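# Remarks on the overall topology
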Number of protein chains: 2
Amino acid sequence: MKRKVTIRDVAYLAGVSISTVSRVVSNKVNVNESTRQKVQKAIDQTGYEPNYTARALATKNTDTIAVIIDRSPTLSLGNSFFIDSLEAISTKLNEYKKDILLVFSEANYSDEHSKVKSLIQSNKIDGVIKLSVQRNDETIKYLVSTGIPTVVIGRPNEDVLYVNNDNTLAMKEATEYLISQGGKKIAFVGGNSKLVVTLDREQGFREALDKADIYYDDSYIYYEGFTIDSGYKIADTLIENNFDSVACTDDLIAYGIAKRYNEKGKKIKIISFNNTLLSEFSPIPISSVDIDAKKLGKEAVELLLGENNNKKHSIIDTNIIFRS
Amino acid sequence: MKRKVTIRDVAYLAGVSISTVSRVVSNKVNVNESTRQKVQKAIDQTGYEPNYTARALATKNTDTIAVIIDRSPTLSLGNSFFIDSLEAISTKLNEYKKDILLVFSEANYSDEHSKVKSLIQSNKIDGVIKLSVQRNDETIKYLVSTGIPTVVIGRPNEDVLYVNNDNTLAMKEATEYLISQGGKKIAFVGGNSKLVVTLDREQGFREALDKADIYYDDSYIYYEGFTIDSGYKIADTLIENNFDSVACTDDLIAYGIAKRYNEKGKKIKIISFNNTLLSEFSPIPISSVDIDAKKLGKEAVELLLGENNNKKHSIIDTNIIFRS
DNA sequence: CTGAAAGCGCTTACAG
DNA sequence: CTGAAAGCGCTTACAG
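Keep in mind that this is a model prediction, so the values were computed, not measured.

### Things to note about the overall build of chain A
On a plain count of helices and strands, chain A comes out with 13 helices and 12 strands. Since a compact globule built from 324 residues should have a radius of gyration of about 20 Å, the 25 Å found for chain A marks it as more spread out than a globular shape. Based on the C-alpha atoms only, the size of chain A along its principal axes is roughly 85 × 40 × 35 Å. Burial analysis of chain A (324 residues in total) assigns 55% to the buried set. Sequence-distant contacts, at least 24 apart, represent 66% of the contacts inside chain A between residues at least 6 apart. Working note: accessible area of chain A is about 14,400 Å², and carbon and sulfur atoms make up 47% of it.

### A short note on the relation of the copies chain B and chain A
After a rotation of 180° and a shift along the axis of 0.0 Å, chain B superposes on chain A with an RMSD of 0.1 Å. The transformation just described matches what one would write down for a two-fold rotation axis. Relative to the rotation axis, the C-alpha of Leu101(B) is the closest in chain B, positioned 2.3 Å from it. When you check the interface residues of chain B against chain A, 100% turn up at the interface there too, and the contact is symmetric in its surfaces.

### Thoughts on the sheet that holds strand S8 (residues 245-248) of chain B
Residue and element names in this part refer to chain B. Pairing is mixed in the open sheet, where 6 strands are placed in the order S7-S6-S8-S9-S10-S12. Each of the sheet's edge strands pairs with one partner strand only, and the pair in question is strand S7 (221-223) and strand S12 (319-321). If you compare each strand with its neighbour and ignore which way they point, the axes differ by 20° on average. Relative to S12, strand S10 (residues 286-290) runs antiparallel, the two sharing 3 bridges. Its bridge partner being in S12, Ser288 is matched across the sheet by Ile321. Where helix H8 (residues 167-180) meets the sheet, its contacts fall on strand S6 (186-190), S8, strand S9 (269-273), S10 and S12, and the angle it forms with S9 comes to roughly 165°.

### Comments concerning the interface of chain B and chain A
With 49 residues of chain B at the contact, the number on the chain A side is 49 residues. Note on chain B versus chain A: buried area summed over both sides is about 4,500 Å², and carbon and sulfur give 60% of it. One salt bridge in this structure joins Asp99(B) and Lys115(A), with 2.7 Å as the shortest N-O distance. Along the contact surface separating chain B from chain A lie 19 residue pairs in polar contact (both at pLDDT 80 or more). Contributing elements (two or more residues each) for the side of chain B that touches chain A: helix H4 (52-59), strand S1 (64-70), helix H5 (81-95), strand S2 (99-105), helix H6 (114-121), helix H10 (228-240), helix H11 (251-264) and helix H12 (277-280) of chain B. In the side of chain B that touches chain A, the residues fall into 24 nonpolar, 14 polar and 11 charged. Here 3 bridges tie strand S2 (residues 99-105) of chain A to S2(B), and the two strands are oriented antiparallel to one another. By the bridge assignment, Leu102(A) is partnered in S2(B) with Ile100(B).

### Here's the deal with the pattern of salt bridges
Residue and element names in this part refer to chain A. In this structure the tally under the stated criterion is 36 salt bridges over all chains. Ionic pairing is found between Lys98 and Asp63, a salt bridge with its closest N-O pair at 2.8 Å. You can see Lys98 sitting in the loop between helix H5 (81-95) and S2 and its partner Asp63 sitting in the loop between helix H4 (52-59) and strand S1 (64-70), a full 35 residues away along the chain. Looking at Lys98, the relative accessible area reads 15%, which means it is buried. Asp63 gets classed as partly exposed once you look at its relative accessible area, which sits at 27%. With a shortest N-O distance of 3.4 Å, Glu176 and Lys211 are connected by a salt bridge. Placement of the pair is Glu176 in helix H8 (residues 167-180) and Lys211 in helix H9 (residues 196-212), with a sequence separation of 35 residues. A relative accessible area of 26% places Glu176 in the partly exposed class. Each of Asp236, Lys259, Arg260 and Glu263 takes part in one network of salt bridges that share partners.

### A look at the protein's contact with DNA strand D
For DNA strand D, the set of nearby residues contains 26 residues, the closest of which are Thr20(A), Arg23(A), Asn30(A), Thr35(A) and Ser22(B). Close to the protein, within 4 Å, the atoms of DNA strand D are drawn from sugar and phosphate at a rate of 65%. Within the side chain of Thr35(A), an N or O atom sits 2.6 Å from a phosphate oxygen of DNA strand D. Secondary structure elements with two or more residues in the surface near DNA strand D: helix H2 (18-25) and H4 of chain A together with helix H2 (18-25) and H4 of chain B. Each residue belonging to the surface near DNA strand D can be placed in one class, and the counts come to 10 nonpolar, 11 polar and 5 charged.

### Examining the protein's contact with DNA strand C
Taken together, the neighbourhood of DNA strand C is formed by 26 residues, with Ser22(A), Thr20(B), Arg23(B), Asn30(B) and Thr35(B) sitting nearest. The separation between a phosphate oxygen of DNA strand C and a polar main-chain atom of Asn51(A) is 3.3 Å. For the surface near DNA strand C, the elements supplying multiple residues, two or more each, are H2 and H4 of chain A together with H2 and H4 of chain B. Broken down by class, the residue content of the surface near DNA strand C amounts to 10 nonpolar, 11 polar and 5 charged.

### Some remarks on the side chain of Asp137(B)
All names here are of chain B. Secondary-structure assignment places Asp137 in the loop between strand S3 (127-130) and helix H7 (138-146). Classification of Asp137 by relative accessible area gives buried; the value is 2%. A polar atom in the side chain of Asp137 sits 2.8 Å from the backbone nitrogen of Gln134.

### Some words on H4(B)
Listed as buried for H4(B) are Tyr52(B), Thr53(B) and Ala56(B). The buried side chains of H4(B) occupy one side of the element, clustering within an arc of 95° when seen end-on. Considering only its buried residues, H4(B) is in contact with H4 of chain A together with S1 of chain B. Of the residues flanking the start of H4(B), the one acting as N-cap is Asn51(B), its side-chain oxygen 2.7 Å from the backbone nitrogen of Thr53(B). Once H4(B) finishes, Lys60(B) follows within two positions and takes phi at roughly 60°, a positive value.

### Details of the nonpolar core
Ile257(A) and Ile257(B) are the most contacted members of the largest nonpolar core, which has 132 residues in total. In this structure Ile257(B) touches Val189(B), Gly231(B), Tyr232(B), Ile234(B), Ala235(B), Leu238(B), Val246(B), Cys248(B) and Ile270(B), once residues within four positions along its chain are discounted. Counting residues in each nonpolar core, the second largest holds 24 residues, with Leu119(A), Leu101(B), Val103(B) and Leu143(B) among its members.

### Things to note about the side chain of Ser105(A)
Residue and element names in this part refer to chain A. Relative to the elements of secondary structure, Ser105 occurs in strand S2. With a relative accessible area of 3%, Ser105 lands in the buried category. Of the polar contacts made by the side chain of Ser105, one reaches the side chain of Asp70; its length is 3.0 Å. Not counting chain neighbours up to four residues away, the residues in contact with Ser105 comprise Ile68, Ile69, Asp70 and Arg71.

Criteria and cut-off values
Residues numbered from 1 in each chain as written. Chains lettered and ligands numbered in written order. Predicted model: local features only at pLDDT ≥ 70, side-chain atom pairs only at ≥ 80, totals over all residues. Heavy atoms only, no water. Helix = DSSP H or I, 4+ residues; strand = E, 2+ residues; numbered from the N terminus. Rg over C-alpha atoms; globule rule 2.2 N^0.38 Å. Buried < 20%, exposed > 50% of the residue type's maximum accessible area, 1.4 Å probe, protein only. Contact = heavy atoms within 4.5 Å. Areas by Shrake-Rupley, 256 points an atom, 1.4 Å probe, with all protein chains shown as cover. Least-squares fit on C-alpha atoms with pLDDT ≥ 70 in both. Pairing = 2+ DSSP bridges. Axes fitted to C-alpha atoms, helices over the stretch in contact; angles between N-to-C directions. Buried area = accessible area lost by both parts, 1.4 Å probe. Salt bridge = Lys/Arg side-chain N within 4 Å of Asp/Glu carboxyl O. Polar contact = N/O pair within 3.5 Å; in protein donor to acceptor, adjacent residues only side chain to side chain. Nonpolar A, V, L, I, M, F, W, Y, C, P; charged D, E, K, R; others polar. Near = heavy atom within 4 Å. Arc of directions from axis to C-beta. Core = buried A, V, L, I, M, F, W, Y, C linked by side-chain atoms within 4.5 Å.

Rendered as structure tokens:
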């Protein structure tokens, strides 16, 4: 690899100072058109590309945003939510000329946010987007305490920008759909009670039943992992207890339940979230709430970098895909 | 936010020069134990954390590895391969104290590798891991031309480090399994003929049939998108043509086929790749080759950063999960 | 073992 | 409009 061409080389070739080269590179005003052309020519000739690190040091701007994905064991990466929102974030970030520094965080370990901490302390990133919110989210607290620009996807307790769906309302409406279909004994199966989103959905479930005056108690509420397998396993319990309907927080769980019911030749009405391929191709119809992962990601970036100065959060519409 | 503490502050507090502070921070030898302690104390007191950008500028080392994911329309991100290998890469990279700069590349656009190009030219990254190999992969060619340390997952034509499965052998063995189960008329359904991996698997399919002297011609070879839907659609054609077995390159396709056959009450033997949840929970058994995405990711990092200086590539074992 | 100095490659007041 | 100079916060020969 030959030596990289620097601003100095360009300046020399164009017969100007490095200040001037810097100005044309960063598209500053106050550059005479003919000098600009001279410099541009030298840039083209040399293939000059400014050194990112040097610029970052001088400007204190890294143009890099950390995106944090929790990988607690109960939070399944199998869910396409992550890759979908990630892609949307990437696309949007590109428009702002920013890059993604990807971090899988160990929400369950004591050195919880050590990774995030060191990224921030060492000035490697300018901002962060966190893809989930835990019930007592230490990382978010830390983020807030540092003052680094942050957007979380979910509903944080802290005073921090966020984008979210109205999960309670969405689950309420989804549950009401089950009721409208004749549901009398309805179970709730949640993925991970450590996540705020799960609790919000449970809340919506309760609200719908309360409103319709349909009986339920805590024994109707189940918490399992975010996996097909856990849905599959819980299904036998649901069958034993003669539920006619079930509201799930995630397609993986819902699919496992559908699979098992189908094997047993039993019927059940299912609603769920994320509208993934699984709900679409389930052996027993699964109506599923589309949370619009791409929009969530896109909006997160807008909130972080956009012009909407006073906007504190953004709520993304959900959309139930009915199947029966 | 208060001003960040710099090396100068620590030096002043400890009563030493910044050179000395730098030495203890980077764990250099040749530091007197008592000075080291003095400095360490000052570091602890101030909470000093070296500035990443400044260090990177001085050392010309960014400790950042770009990971490139192609997002050509035919390459489904729904496949958990991406998130699985990504996570493994992240874990392994952490051991080397490196971070991931995530790039979704637009393999289908003319400014194909512009993103990658600018990352390299601007010295923002030290190396790259690319998660797939296209048939005539311009990005890989470019990477090689720059001399930047690179590892690709797949089988590249260029002289570049790579980690891969023996896809031809794996598909050959999988197809032989179909034959052993009595398969006489076997179709091949591939996901994306632009990917080398798909062609390698087709090759294995052909080898197995040739060896067993089972008839096939080009009309037995289908290429569809990497989606459940495309599998679902192709299924009718397979049914019309009375195939008794099918070898697919991806679980998404295989699942779609299984779904449709099941609806029609038809039988077919299916083998596939990736051993995802879909193959596990398919209505018609799908035997699936586990390519070990995590291992692929892990090894990619080892190849890039490990001690094995002379190693040019690494082949990861596959493992067929038989289901019937 | 330790420090002064140069250097990494930019940006940006400041002066003209 | 343009340039000389200082500065961003480190690292690392070099000298002692």
